Amino acid sequence: MENTPIIFNGRPMMVGNHRPGGLYAKGADAYLLIVDLTTGQEVARFGKGHSFVSALISGAELNVFATEFVDYGVKMDMRGINRFTTTDLKTWKQETAIPQTPGEQIFNSSVCRDEQGYVMAYELMQPVQFCFKFARSKDLAHWEKVPNLVFTGEKNEYSACPVIRYFAPYYYVIYLHAAIPGHDGWI
């Protein structure tokens, strides 16, 4: 599933999620975890009921973004994107980053830093299954959705799993584009 490699306090680690049950996953069984990439050992477990994880280091603070859900698959009951923060991998603070509005189903997210603060790309099922929108923050805690900006591919096509990066003066979004009739493959 979704993972983000990080270097935290000089240690290479992987922020990931555990979501058993495949198409019929239940939030009660899911959680987030951090694995030390040198030893292979799990060093933190948190975020019960969360999946679709991404992470960003800001100073001494690890910021983890993940979607909260109750049921996933045939019946989806999502809650929006939460932000978890820690400086020691033991004590975690949780707060809402992107609340879900009625009718939305939010999945993956990715965050990067730019000159004005931070930008998030986050995946939804509307107006196209799948697409992504954007939000901005000056402090990683308070997010504002960018109005009227949605990416759906050149012909309102499936565009999922966004990963956003900023290298001045350009933003790059890497995403999954599924093969559809008339399209010759994955991009």
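Residues numbered from 1 in each chain as written. Predicted model: local features only at pLDDT ≥ 70, side-chain atom pairs only at ≥ 80, totals over all residues. Heavy atoms only, no water.

### Overview of the overall build of the protein chain
A count of helices and strands for the protein chain gives zero helices and 14 strands. For a compact globule of 187 residues, the expected C-alpha radius of gyration is about 16 Å, and the protein chain comes in at 16 Å, within 12% of that figure. Dimensions of the protein chain, computed from C-alpha atoms along their principal axes, come out at roughly 50 × 40 × 35 Å. The long-range share in the protein chain, meaning contacts at least 24 apart out of those at least 6 apart in sequence, stands at 39%. As displayed, the protein chain offers around 9,800 Å² of accessible surface, 55% of which is attributable to carbon and sulfur atoms. (Helix = DSSP H or I, 4+ residues; strand = E, 2+ residues; numbered from the N terminus. Rg over C-alpha atoms; globule rule 2.2 N^0.38 Å. Contact = heavy atoms within 4.5 Å. Areas by Shrake-Rupley, 256 points an atom, 1.4 Å probe, with all protein chains shown as cover.)

### Considering the pairing of strand S14 (residues 170–176)
Relative to S14, strand S13 (residues 160–167) is paired through six bridges, and the arrangement is antiparallel. Within the sheet, the bridge partner assigned to Ile164 lies in S14 and is Val173. In this structure, the hairpin formed by S13 and S14 is closed by a connection of two residues. (Pairing = 2+ DSSP bridges.)

### Description of the pattern of salt bridges
Within this structure, the stated rule accounts for seven salt bridges. Close ionic contact of Arg11 with Asp36 constitutes a salt bridge, the shortest N to O distance being 2.9 Å. Here Arg11, found in strand S2 (residues 11–18), pairs with Asp36, found in strand S3 (residues 31–36); they are 25 residues apart in sequence, far enough to count as distant. Judged by its relative accessible area of 34%, Arg11 falls in the partly exposed class. Taking the shortest distance from any N to any O, the salt bridge between Arg83 and Glu61 comes out at 3.1 Å. Remark: Glu61 occurs in strand S6 (residues 61–71) and Arg83 occurs in strand S7 (residues 77–86); sequence separation between them is 22 residues. The exposure class of Glu61 is partly exposed, given its relative accessible area of 25%. What emerges from the salt-bridge pattern is a single network uniting Glu61, Arg83 and Glu95. (Salt bridge = Lys/Arg side-chain N within 4 Å of Asp/Glu carboxyl O. Buried < 20%, exposed > 50% of the residue type's maximum accessible area, 1.4 Å probe, protein only.)

### Examining the sheet that holds S3
One open sheet accounts for four strands, arranged S1-S2-S3-S4; its pairing is antiparallel. Bordering the open sheet on either side are strand S1 (3–8) and strand S4 (42–46), each of which pairs with just one other strand. Strand-to-strand twist across the sheet, computed as the mean angle between neighbouring axes with direction ignored, equals 25°. Of the pairings in the sheet, the one linking S1 to S2 comprises six bridges and is antiparallel in character. Bridging across to S2, Pro5 finds its partner in Met14. (Axes fitted to C-alpha atoms, helices over the stretch in contact; angles between N-to-C directions.)

### Concerning the environment of Tyr171
Along the chain, Tyr171 turns up in strand S14. Its relative accessible area of 37% is what places Tyr171 among the partly exposed residues. Along the sequence, Tyr171 and Asp71 sit 100 residues apart, while their C-alpha atoms lie 33 Å from each other. In this structure, Tyr171 is in contact with Asp114, Val119, Arg136, Ile164, Arg165 and Tyr166, ignoring residues within four places of it in sequence. Within the local environment of Tyr171, its side chain forms a polar contact with the side chain of Asp114, the two groups lying 2.5 Å apart. (Polar contact = N/O pair within 3.5 Å; in protein donor to acceptor, adjacent residues only side chain to side chain.)

### Section: the nonpolar core
In this structure, Phe65, Ile81, Ile98, Val111, Met120, Tyr122 and Trp143 are the most contacted members of the largest nonpolar core, which totals 16 residues. Contributing elements (two or more residues each) for this core: strand S8 (93–99), strand S9 (106–114), strand S10 (117–124) and strand S11 (131–137). With four residues, the single largest contributor to this core is S10. For Ile98, the residues in contact, after removing those within four places along its chain, are Gly80, Ile81, Ile106, Met120, Tyr122, Ala135, Trp143 and Lys145. (Core = buried A, V, L, I, M, F, W, Y, C linked by side-chain atoms within 4.5 Å.)

### Here's the deal with unusual backbone geometry
With an omega of 10°, the peptide bond between Gln126 and Pro127 qualifies as cis. By secondary structure assignment, the location of Pro127 is in the loop between S10 and S11. Residue Pro169 follows Ala168 across a cis peptide bond; omega there is 5°. Of note, Pro169 is situated in the loop between S13 and S14. Of note, Leu140 is a non-glycine position whose phi angle comes to about 70°, a positive value.

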